[in-house]
Amino acid sequence: MSFAYDPSGLTLPAAHFIGGAYIAGPASIRVLSPSTGATIGAIPCADADVVDHAVSTARRALATSNWGGMEPRDRTRALCAWADLMEAEAETLAAFEAVCSSRPFAQAVTGDIVVTAEQIRFFAEFADKDGGALAPVSDGHFGYIADEPYGVIGAITPWNFPISMAGWKLGPALAAGNAVVLKPSEMTPYSTLFMAELAVRAGIPAGIVNVVLGDGPTTGAAITGHPGIDKVSFTGSTRAGGAIMENIARTGIKPMTLELGGKSPMVVFADADLDLAAECLDRGIMSNAGQACVSGSRMIVAHEVADELASRLTERFARYRPANTFASEPGFSPIISQTQLGRIDSIVQASAGQGADVLCGGARFDHEGSYYQPTLITGVDAANAAVREEIFGPVATFQTFHSEGEAMALASHETYGLCAGLFTRDLSRAMRLTRRLAAGTVWVNRYGRSRNHILPTTGWKSSGLGHDLGREAYHANRRKKSVLIDL
Ligand code: NAD
């Protein structure tokens, strides 16, 4: 296998990034390469004191730099310079991403980084264009609704798309005039640290972007419970989202945005373009080896085309080959950890134990690192483990329907409502069913995010609270103040 980049020259910091400087701590958490299983570094775990230092540094930086109150255009300029620098340093940034995550280096360079830079520019442009409103109040008064930054946002991100997730949090929060204390996943810390370093190099004042490293129960909880954090913005599992809500309820109510898990259906009608559907269903679940919140993990297919589609999918799934994240030709992504690999397999085996048929896959790849075979499971109902649980791996269930009503009943999930896909050539049906699907995002005759950054992402049910992306994400990083003046 040929490699696109040799990561052996990378220096992997064992340090937080606070106030524009790396601050080392005892390296207590090992960081592994999922491509090889090797330990590649270790990072410190920020305790309450380190988090407190990061929060007070952020507050001081807001006061001294006037980041939230400066000419908005100056914020726009600094954020655009940061986006440009990320693109200029794409190779190094991608290497920090690929060294410990499931993201292929080559895809990070041409995809994740380019899209993240675009999103940062998108949010930067809101800084001097959006906010506030005059209020139509009675004679003798002057009323308006002001729009102000929160102050310090506490952001926590998952491991599955580290650069993109950091961009989703930092772009709108910074454009809206806030400082941020961000904790990336302890499994994938390096690209976020480098993004913060680039922010300072691009002219964003030191202390406005701070990265603290550590696990959820120690560092994450210290962030969400800190009284100097004005708002929490979290992306991760529904389980951790619940723990964060509890901690916030216990330590002092504060606003929060939660982007959580999914178990999204992709519904294919008999009149669909089957070539398109096969390609979208395949990519909808196998992209990043199913480790995406939007993964289309439940395929729901009209009985007339079910056999044909199942056979096309098993054929396509058989072509995937595991590949190191630094391979010149991006291949099938590794599973982030052995723990997660074991969890995927245990759900597949539990599903089979409950009577499901495993049409293909159903086992690990015999390969170094942690890779799981693309898996398609049929003969399942709503009670089956593979239908109920967010597996977060390359595993999809395949169910068939005989009527539109049955399709919608199967598509509904008792817990999750993140995304849904519909495949049909019938526009009336598409419009009708789009309204019936209980999901924050619906894709018709496509599956997956686009570069239309104006579209927010919103979890319905236990998939979340609030928004990332879109103008909604900018607004989610500012708070309202009603002002009434007696004249
Ligand atoms: P996770 O919930 O285990 O961890 C996410 C982050 O939260 C990590 O940084 C972790 O250290 C931290 N954390 C864990 N427990 C915490 C606690 N009690 N308090 C504070 N922080 C805590 O999730 P993961 O395994 O890293 O990521 C996969 C999950 O993320 C999946 O459920 C996926 O659907 C979800 N996700 C959702 C979206 C979305 O937009 N809805 C996007 C990406 C990933």
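Novice: For this particular structure, what's the right way to read the sheet that holds strand S6 (residues 141-149)?
Specialist: Spatial ordering of the open sheet is given by S5-S6-S24, a layout of 3 strands whose pairing is antiparallel. A strand with exactly one partner marks an edge of an open sheet, and here the two such strands are strand S5 (133-135) and strand S24 (478-486). Neighbour to neighbour, the strand axes of the sheet diverge by 25 degrees on average, direction disregarded. Two elements, S5 and S6, share 3 bridges in a ladder whose sense is antiparallel. Residue pairing in the sheet places Leu-134 in a bridge with Tyr-144 of S6.

Novice: Would you mind going over empty space enclosed by the protein with me for this structure?
Specialist: With a probe scaled to a water molecule rolled over the atoms, the places where space remains empty come into view. For the coordinates displayed, the defined rule picks out 2 cavities of 30 Å³ or more. Of the volumes computed, that of the largest cavity is approximately 70 Å³. Along the walls of the largest cavity sit Gly-262, Lys-263, Ile-285, Gly-290, Ala-292, Ser-295, Ser-297, Glu-390, Ile-391, Phe-392, Gly-393 and Val-395, which together make up its complete lining. Considered class by class, the residues forming the lining of the largest cavity number 5 nonpolar, 5 polar and 2 charged. Here the second largest cavity defines a volume of roughly 50 Å³. Lining the second largest cavity are Trp-168, Lys-169, Pro-172, Lys-231, Ser-233, Thr-257, His-467, Asp-468, Ala-473, Ala-476 and Asn-477. Broken down by element, the lining of the second largest cavity gets its largest block of residues, 3 residues, from helix H5 (residues 162-175). Grouping the constituent residues of the lining of the second largest cavity by class yields 4 nonpolar, 4 polar and 3 charged.

Novice: Would you take a moment to explain the site of the ligand for this structure?
Specialist: Around the ligand lies a shell of 31 residues, among which Thr-157, Glu-186, Ser-237, Leu-260 and Glu-390 are the nearest. Contact between the ligand and Trp-159: an oxygen atom at 2.8 Å from a side-chain N or O atom of the residue. The separation between an oxygen atom of the ligand and a polar side-chain atom of Arg-239 is 3.5 Å. Counting residues per element, the ones that place at least two in the shell around the ligand are H5, helix H7 (216-224), strand S10 (231-235) and helix H8 (238-251). Sort the elements by how many residues they give to the shell around the ligand and H8 lands first, with 4 residues.

Novice: Sorry, what's going on with the domain arrangement of the chain here?
Specialist: By convention, interface size is frequently given as the accessible area that disappears when the constituent parts associate. Entries for the chain in the domain assignment read domain 1 (7-260 + 464-486) and domain 2 (265-453). If you look at the interface, domain 1 gives 32 residues, while domain 2 gives 24 residues. Across the domain 1/domain 2 interface, buried area totals approximately 2,400 Å², and carbon plus sulfur atoms make up 62% of it. Linking domain 1 with domain 2 are 1 salt bridge, by the criterion used here.

Novice: Any chance you could explain the sheet that holds strand S13 (residues 298-302) here in plain terms?
Specialist: Two orientations exist for strands paired in a sheet by backbone hydrogen bonds: parallel and antiparallel. Spatially, S14-S15-S16-S13-S12-S18-S19 is the arrangement adopted by the 7 strands of the open sheet, whose pairing is mixed. The open sheet terminates on both sides in strands that have one partner only, identified here as strand S14 (357-360) and strand S19 (441-444). Each neighbouring strand pair of the sheet contributes to a mean axis angle of 25 degrees, computed without reference to strand direction. Of the strand pairs in this sheet, strand S12 (residues 265-268) and strand S18 (residues 419-423) are connected by 3 bridges, and their pairing is parallel. Across the sheet, Met-266 pairs through a bridge with Gly-421, a residue of S18. Packing against the sheet, helix H11 (residues 338-353) makes contact with S14, strand S15 (375-378) and strand S16 (395-401), and its axis sits at approximately 25 degrees to S15. Packed onto the sheet, helix H13 (residues 404-411) meets S12, S13, S16 and S18 and runs at close to 155 degrees relative to S16.

Novice: Before we go on, may I ask you to explain the nonpolar core in this structure?
Specialist: A general feature of soluble globular proteins is that nonpolar side chains tend to end up buried together. Core analysis: the largest hydrophobic core is formed by 149 residues, its most contacted members being Trp-82, Leu-174, Ile-204 and Met-299. Both domains that furnish three or more residues to this core are identified here as domain 1 (7-260 + 464-486) and domain 2 (265-453). Beyond its immediate chain neighbours, meaning those up to four positions away, Leu-174 contacts Trp-67, Arg-75, Leu-79, Trp-82, Val-180, Ile-204, Ile-208 and Val-209.

Novice: I'm lost on the pattern of salt bridges in this one. Help?
Specialist: Side chains bearing opposite charge may pair, as long as their charged atoms lie close to each other. A full pass over the atoms with the stated rule returns 26 salt bridges. Residues Asp-275 and Arg-312 are paired through a salt bridge, measuring 2.5 Å at the closest nitrogen-oxygen approach. Residue Asp-275 is located in helix H9 (residues 274-286), and its partner Arg-312 is located in helix H10 (residues 303-317); the two are separated by 37 residues in the primary sequence. Notably, a salt bridge pairs Arg-388 with Glu-389, separated by 3.8 Å at the nearest N-O pair. Classification of Arg-388 as partly exposed rests on a relative accessible area of 33%. Judged by its relative accessible area of 31%, Glu-389 falls in the partly exposed class. Ionic contacts of the salt-bridge type, sharing partners, join the residues Arg-73, Glu-125, Asp-128 and Lys-129 into one network.

Novice: Just checking my understanding: could you explain the side chain of Thr-57 for this structure?
Specialist: Considering the arrangement of structural elements, one finds Thr-57 in helix H1 (residues 48-65). Residues in contact with Thr-57, not counting those within four places in the same chain, are Ile-18, Gly-19, Gly-207 and Asn-210.

Novice: Can you walk me through helix H2 (residues 72-88) in this structure?
Specialist: For an α-helix, 3.6 residues make a turn, and residues three or four places apart therefore share a direction. Taking 1.5 Å of rise per residue, the 17 residues of H2 would be expected to cover 24 Å, and the 25 Å separating its terminal C-alpha atoms lies within 8% of that figure. The elements touched by buried residues of H2 are helix H3 (90-98), helix H4 (105-124), H5, helix H6 (190-201) and S24.

Novice: How do you make sense of the packing of H3 against H4 when you look at a structure like this?
Specialist: When two helices pack together, their arrangement is captured by the angle between the axes and the distance separating the axes. Viewed as axis vectors pointing N to C, H3 and H4 meet at an angle of 120 degrees, and their least axial separation amounts to 8 Å. Put simply, H3 runs oblique to H4. You can see that H3 and H4 cross each other, and the crossing is right-handed. On H4, the residues that touch Ala-90, Glu-91, Leu-93, Ala-94, Ala-95, Glu-97 and Ala-98 of H3 are Phe-105, Ala-108, Val-109, Asp-112 and Ile-113. Among the residues forming the contact of H3 with H4, the class breakdown is 9 nonpolar, no polar and 3 charged.

Reading guide: rules and limits
- Residues numbered from 1 in each chain as written.
- Predicted model: local features only at pLDDT ≥ 70, side-chain atom pairs only at ≥ 80, totals over all residues.
- Heavy atoms only, no water.
- Pairing = 2+ DSSP bridges.
- Helix = DSSP H or I, 4+ residues; strand = E, 2+ residues; numbered from the N terminus.
- Axes fitted to C-alpha atoms, helices over the stretch in contact; angles between N-to-C directions.
- 1 Å grid on protein atoms, 1.4 Å probe; cavity = no way out; pocket = protein on both sides within 12 Å on 5 of 7 lines; lining within 4 Å.
- Points joined across faces, edges and corners; volume = space filled by probe spheres on them.
- Nonpolar A, V, L, I, M, F, W, Y, C, P; charged D, E, K, R; others polar.
- Near = heavy atom within 4 Å.
- Polar contact = N/O pair within 3.5 Å; in protein donor to acceptor, adjacent residues only side chain to side chain.
- Domains from an automatic or database assignment.
- Contact = heavy atoms within 4.5 Å.
- Buried area = accessible area lost by both parts, 1.4 Å probe.
- Salt bridge = Lys/Arg side-chain N within 4 Å of Asp/Glu carboxyl O.
- Core = buried A, V, L, I, M, F, W, Y, C linked by side-chain atoms within 4.5 Å.
- Buried < 20%, exposed > 50% of the residue type's maximum accessible area, 1.4 Å probe, protein only.
- Expected span 1.5 Å × (residues − 1).
- Parallel < 35°, antiparallel > 145°, perpendicular 65-115°, else oblique.
- Left-handed = near helix turned anticlockwise from the far one by under 90°.

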